[in-house]
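# Working through the structure, step by step
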Amino acid sequence: MQTKQKYKGLRLILGDQLNHEHSWFQEKDWLYVLMEVKPESEYVTHHIQKIVGIFQAMRCFAEELSAKGLDVVYYKIGDEHNQQSFEKNIHHLLKKNKLQVFQYQEADEWRLDQILGAIEGGESVSSEHFLTERDEFRGKKSFLMETFYRQMRKRHNILMDGPNPITGKWNYDKSNRKKLPAKLKVIEPIVFSHDVTEIYQEVQNAGIKSIGTIKPSEFIWPKNRKEVIEVLDYFVDHLLPNYGDYQDALSQNHWSVFHSRISFGMNLKMISPLIAIEKVEEAFLQREEVSISAAEGFIRQVLGWREYMRGLYWAKMPDYKDMNFFEHKRKLPDFFWTGETKMNCLSKAIGQSLDYAYAHHIQRLMVTGNFALLAGIDPDEVDLWYLGIYIDAFEWVEITNTRGMSQYADGGIVATKPYVSSASYIHKMGDYCANCQYDHKKKTGDGACPFNSLYWNFIDANRSKLEDNPRMSMMLALWRKMSPDKQKDLLSQAEHYLEQIESL
Ligand code: FAD
Ligand code: SF4
């Protein structure tokens, strides 16, 4: 009887809803619950650092709520009474505490939202994290990112001078494409050194399959809001001045170059996007070494792309999950799971993903994603890989980037053209080619870089699907102008490489 009066109801906090600023946490007369459940750890094979990193952050969050005086129930993955199901654990708690009301914050993943929505009597509330509503794009015909981004700059008054952009120009994308100069000192990323041996052991004992490596005694990812803010401050203080110029740079010795590595903390909602945006805007306004191209480059990603992807996800799911514009069906080569390939760019980008559960945007888009698209890999397989391997991967932002931006499987909803390139782009933007067994200049014959022939093979195979796209017309024209012999050589080289894709 006592418990019935004690709580108004039960509130579920998901592993990516660790938002201290949520209005819920002003109220002590609710019972809060967090749970580590097997299906969430197993619906795709995740990187071990992703599983451990999320559990570590959830456990810290629960402790911090308890320290604030809130009543929290926490189900660890190995707890005997954990029924390993959201529904079952929730029903058990409702019954045990004689509660009628169950509340949850809007899940960001369509699949999970369906599961929670089906729980009888459940009420959902906003996660109070994003800067747009979930159905921002629902019912709209056109989804142009640049238009949306400008609206967001105005709506939130970021880098604005009244109704105009503060410098007179909206977008500095073209200034964000420099190669790293050999002499430039790249500052090491901030890492932590947490002992997560206990969590790691519990995950192993629960028999959860995973990929990648981990040093459980020196775990590098932040565990709470305070540490995520440290990551953000470190970025703003040390990395931001170079972020703009080298946003697209590839480097085999620097796994995050000048990127912020804030996506993990932000996707778990440990900090709000607005904090990151405002700190960067302030740095631009106060520090001469922070250029507009650096500040705008970062703000465009968070205020623009991140919110845009979420809006698209909710406008297009669940159909989006099945889109396969090019009808690609090839299996993902095994080297995506091991990094064991002679192609140095792929070996390094995959290797570091296995070591750190992280790769920066251009590695994801123009190395691994580019190869997968050129090789005609089934987007279902590509999605599962990206969703599993990255510590920041949650479907709302993973699938829109992978299936949409990177694989063009949505036929052009996200991207205005397929992001494909031959070796020339990878060579221009980084140092991988200098250390590769393949020759980036060679298109056919022994040692020719596979990206070259696969690129033309992709153009040829998809001519009819690409010919209406004005952004592809130059490449199609180049292909048509090529001599039949040259075309034949390129296509047979590509065929040869695709036949032995596993040993490339
Ligand atoms: P920074 O370069 O420092 O950028 C700052 C922030 O901007 C990021 O933390 C992120 O929140 C936001 N951002 C940047 N680019 C994008 C984008 N294209 N879409 C949405 N937000 C963006 N991002 C994820 O958060 N989760 C994913 O699962 C994910 N999967 C991706 C898959 C592919 C194939 C590609 C091409 C991109 C993917 N991205 C994903 C977007 C982007 O690569 C990552 O957000 C970024 O690499 C995270 O590292 P960072 O924090 O150092 O980024
Ligand atoms: Fe990658 Fe080709 Fe360059 Fe090798 S030569 S690093 S395979 S682009």
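If you're wondering where the values come from, they're calculated on a predicted model, not measured in any experiment. The numbering scheme is per chain: residues are counted from 1 as the chain's sequence reads. Ligands are numbered from 1 and chains lettered from A, in the order in which they are written. Reporting in this predicted model follows two pLDDT cut-offs: at least 70 for local features of residues, and 80 or more for side-chain atom pairs to be given and counted; totals over whole chains, interfaces and linings ignore these cut-offs and use all residues. Neither water nor hydrogens contribute to the side-chain values; these are computed over all heavy atoms in the structure.

Helix and strand assignments come from DSSP, with helices taken as H or I runs of at least 4 residues and strands as E runs of at least 2, each series counted from the N terminus. Along the backbone of the chain there are 21 helices and seven strands. Computed over C-alpha atoms, the radius of gyration of the chain comes to 24 Å, within 12% of the 23 Å expected from 2.2 N^0.38 for 504 residues, which places it in the range of a compact globule. Across its three principal axes, the chain shows a C-alpha extent of roughly 85 × 55 × 45 Å. Relative accessible area decides the class of each residue, using a 1.4 Å probe on protein chains only: under 20% of the type maximum gives buried, over 50% gives exposed, and in between gives partly exposed. Put simply, the chain has 504 residues, and 58% of those count as buried. Residue contacts follow a heavy-atom distance rule, with two residues in contact if any of their heavy atoms lie within 4.5 Å. Sequence-distant contacts, at least 24 apart, represent 74% of the contacts inside the chain between residues at least 6 apart. For the chain, the accessible area works out to roughly 21,500 Å², and carbon and sulfur atoms hold 49% of it. His residues and chain termini do not enter the charge count, which takes Lys and Arg as positive and Asp and Glu as negative. All charge positions are set by atom: Lys at NZ, Arg at CZ, Asp at CG, Glu at CD. Charged side chains in the chain number 63 positive and 69 negative. The centres of these two groups are separated by 3 Å. With the radius of gyration taken over C-alpha atoms, the globule rule is written as 2.2 Å times the number of residues to the power 0.38. The Shrake-Rupley method, run with a 1.4 Å probe, gives the accessible areas here. Residue values count only the displayed protein chains as cover.

Moving on, we get to the environment of Asp-431. Within the secondary structure layout, Asp-431 lies in the loop between helix H17 (423–429) and helix H18 (450–461). Linking Asp-431 and Asn-97, residues 334 residues apart in sequence, is a C-alpha distance of 60 Å. Those residues within four positions of Asp-431 in sequence are excluded, and the remaining contacts are Leu-250, Ser-251, Gln-252 and Asn-253.

With that settled, consider the pattern of salt bridges. If the charged atoms of two oppositely charged side chains come close together, the side chains can form a pair. Here a salt bridge means any side-chain nitrogen of Lys or Arg lying within 4 Å of a carboxyl oxygen belonging to Asp or Glu. A complete count under the given rule lists 30 salt bridges for this structure. Across the salt bridge formed by Arg-111 and Glu-40, the nearest N and O atoms sit 2.9 Å from each other. Residue Arg-111 is located in helix H5 (residues 110–117), and its partner Glu-40 is located in helix H2 (residues 38–42); the two are separated by 71 residues in the primary sequence. Among the residues examined, Arg-111 registers a relative accessible area of 25% and is labelled partly exposed.

Let us look at the site of ligand 1. The full set close to ligand 1 counts 30 residues, and Tyr-243, His-259, Ser-260, Arg-261 and Tyr-358 are the nearest of them. Polar contact is the term for a pair of N or O atoms within 3.5 Å; when the atoms are in protein, one must be able to donate a hydrogen and the other to accept it, and sequence-neighboring residues count only if both atoms are side-chain atoms. In this structure, Tyr-243 approaches ligand 1 through a side-chain N or O atom, which is 2.8 Å from an oxygen atom. In the environment of ligand 1, a nitrogen atom lies 3.5 Å from a nitrogen or oxygen atom belonging to the side chain of Arg-364. Protein coverage of the free-state accessible area of ligand 1, which is 820 Å², stands at 99%. For the shell around ligand 1, the secondary-structure elements that each account for two or more residues are helix H9 (263–267), helix H11 (292–316), helix H14 (361–374) and helix H16 (395–406). Whether a residue is near a molecule or strand is decided by its heavy atoms; if any one of them lies within 4 Å of it, the residue is near.

The next subject is unusual backbone geometry. Cis geometry is found at the peptide bond from Met-317 to Pro-318, where omega equals 5°. Residue placement: Pro-318 occurs in the loop between H11 and helix H12 (335–338). For Gln-84, which is not glycine, the phi dihedral falls at a positive 60°. Looking at the element boundaries, Gln-84 is found in the loop between strand E3 (71–75) and helix H4 (86–96). Given the relative accessible area of 19%, Gln-84 is considered buried. Positive phi is not limited to glycine here, since Ala-357 has a value of about 60°. If you trace the backbone, Ala-357 turns up in the loop between helix H13 (344–356) and H14.

For the rest of this paragraph, the subject is helix H10 (residues 273–286). Multiplying 1.5 Å by the helix residue count minus one yields the expected span of that helix. An ideal rise of 1.5 Å per residue puts 20 Å on 14 residues; H10 measures up with 20 Å between its terminal C-alpha atoms. If you check which residues of H10 are buried, you get Pro-273, Ile-275, Ala-276, Ile-277, Val-280, Glu-281, Ala-283 and Phe-284.

The subject of this paragraph is the nonpolar core. Residues belong to a common nonpolar core when they are buried Ala, Val, Leu, Ile, Met, Phe, Trp, Tyr or Cys residues joined through side-chain atoms within 4.5 Å. Among the nonpolar cores identified, the biggest contains 155 residues, and Leu-346, Phe-371 and Phe-451 are the most heavily contacted of them. Among the elements that line this core, the one with the most residues is H11, at twelve residues. Non-local contacts of Leu-346, meaning those with residues more than four positions away in its chain, are made with Phe-335, Phe-336, Thr-341, Gly-351, Val-367, Thr-368, Phe-371 and Phe-451.

Once that is clear, we can look at the site of ligand 2. For ligand 2, the full set of nearby residues is Met-343, Cys-345, Ala-423, Ile-426, Tyr-432, Cys-433, Cys-436, Tyr-438, His-440, Cys-449 and Phe-451. Residues belonging to the shell around ligand 2 are distributed by class as follows: ten nonpolar, one polar and no charged. When residue character is reported, Ala, Val, Leu, Ile, Met, Phe, Trp, Tyr, Cys and Pro are called nonpolar, Asp, Glu, Lys and Arg charged, and the others, Gly included, polar.

Attention now moves to the packing of H14 against helix H15 (residues 379–389). Lines fitted to C-alpha atoms define the axes here, with helix axes fitted over just the stretch in contact, and angles between the N-to-C directions of these axes take values from 0 to 180 degrees. Between H14 and H15, the shortest axis-to-axis distance is 10 Å and the interhelical angle comes to 145°. Our pair here, H14 against H15, has a crossing hand that is right-handed. Contacts between H14 and H15 involve Arg-364, Thr-368, Gly-369 and Ala-372 from the former and Val-382, Trp-385 and Tyr-386 from the latter. Partitioned by chemical class, the residues of the contact of H14 with H15 number four nonpolar, two polar and one charged. Take the far helix as your reference; a near helix turned counterclockwise from it by less than a right angle gives a left-handed crossing, and one turned clockwise gives a right-handed crossing.

Bringing the sheet that holds strand E5 (residues 122–125) into the picture now. Pairing between two strands is assigned when DSSP locates at least 2 bridges connecting them. Judged by pairing direction, the sheet is parallel, and its five strands sit side by side in the order E3-E2-E1-E4-E5 without closing on themselves. Where the open sheet ends on each side, the last strands, each with one partner, are E3 and E5. In this sheet, adjacent strand axes meet at a mean angle of 25° when their direction is disregarded. Inspection of the sheet shows strand E2 (residues 31–35) paired to E3 by five bridges, in the parallel sense. From the neighbouring strand, Leu-31 faces E3, where its bridge partner is Asp-71. The strands that helix H3 (residues 48–67) touches are E2 and E3; relative to E3, the one it contacts most, it runs at about 155°.

Moving on: the pairing of E2. Regular strands have side chains that alternate between both faces of the sheet. Summarising burial for E2: five of the five residues are buried, a large majority. Here E2 shows two buried faces, one formed by Leu-31, Val-33 and Met-35 and the other by Tyr-32 and Leu-34. Both strand E1 (residues 10–12) and E2 contribute to a ladder of three bridges, which runs parallel. Residue pairing in the sheet places Arg-11 in a bridge with Tyr-32 of E2.

With that settled, consider the environment of Phe-219. Note on placement: Phe-219 falls in the loop between helix H7 (197–205) and helix H8 (225–243). The class of Phe-219 is buried, set by a relative accessible area of 1%. For the pair formed by Phe-219 and Ala-62, sequence separation is 157 residues and the distance between their alpha carbons is 20 Å. With sequence-adjacent residues up to four places away left out, Phe-219 is seen in contact with Gln-49, Gly-53, Gln-56, Phe-192, Ser-193, His-194, Val-196 and Ile-214.

Next up on the list: H15. With eight of eleven residues buried, H15 lies mostly within the body of the structure. Residues of H15 that are buried: Pro-379, Val-382, Asp-383, Trp-385, Tyr-386, Leu-387, Gly-388 and Ile-389. The secondary structure elements touched by the buried residues of H15 are H3, H12, H13, H14 and H16.

Read these as geometric descriptors, not functional statements.
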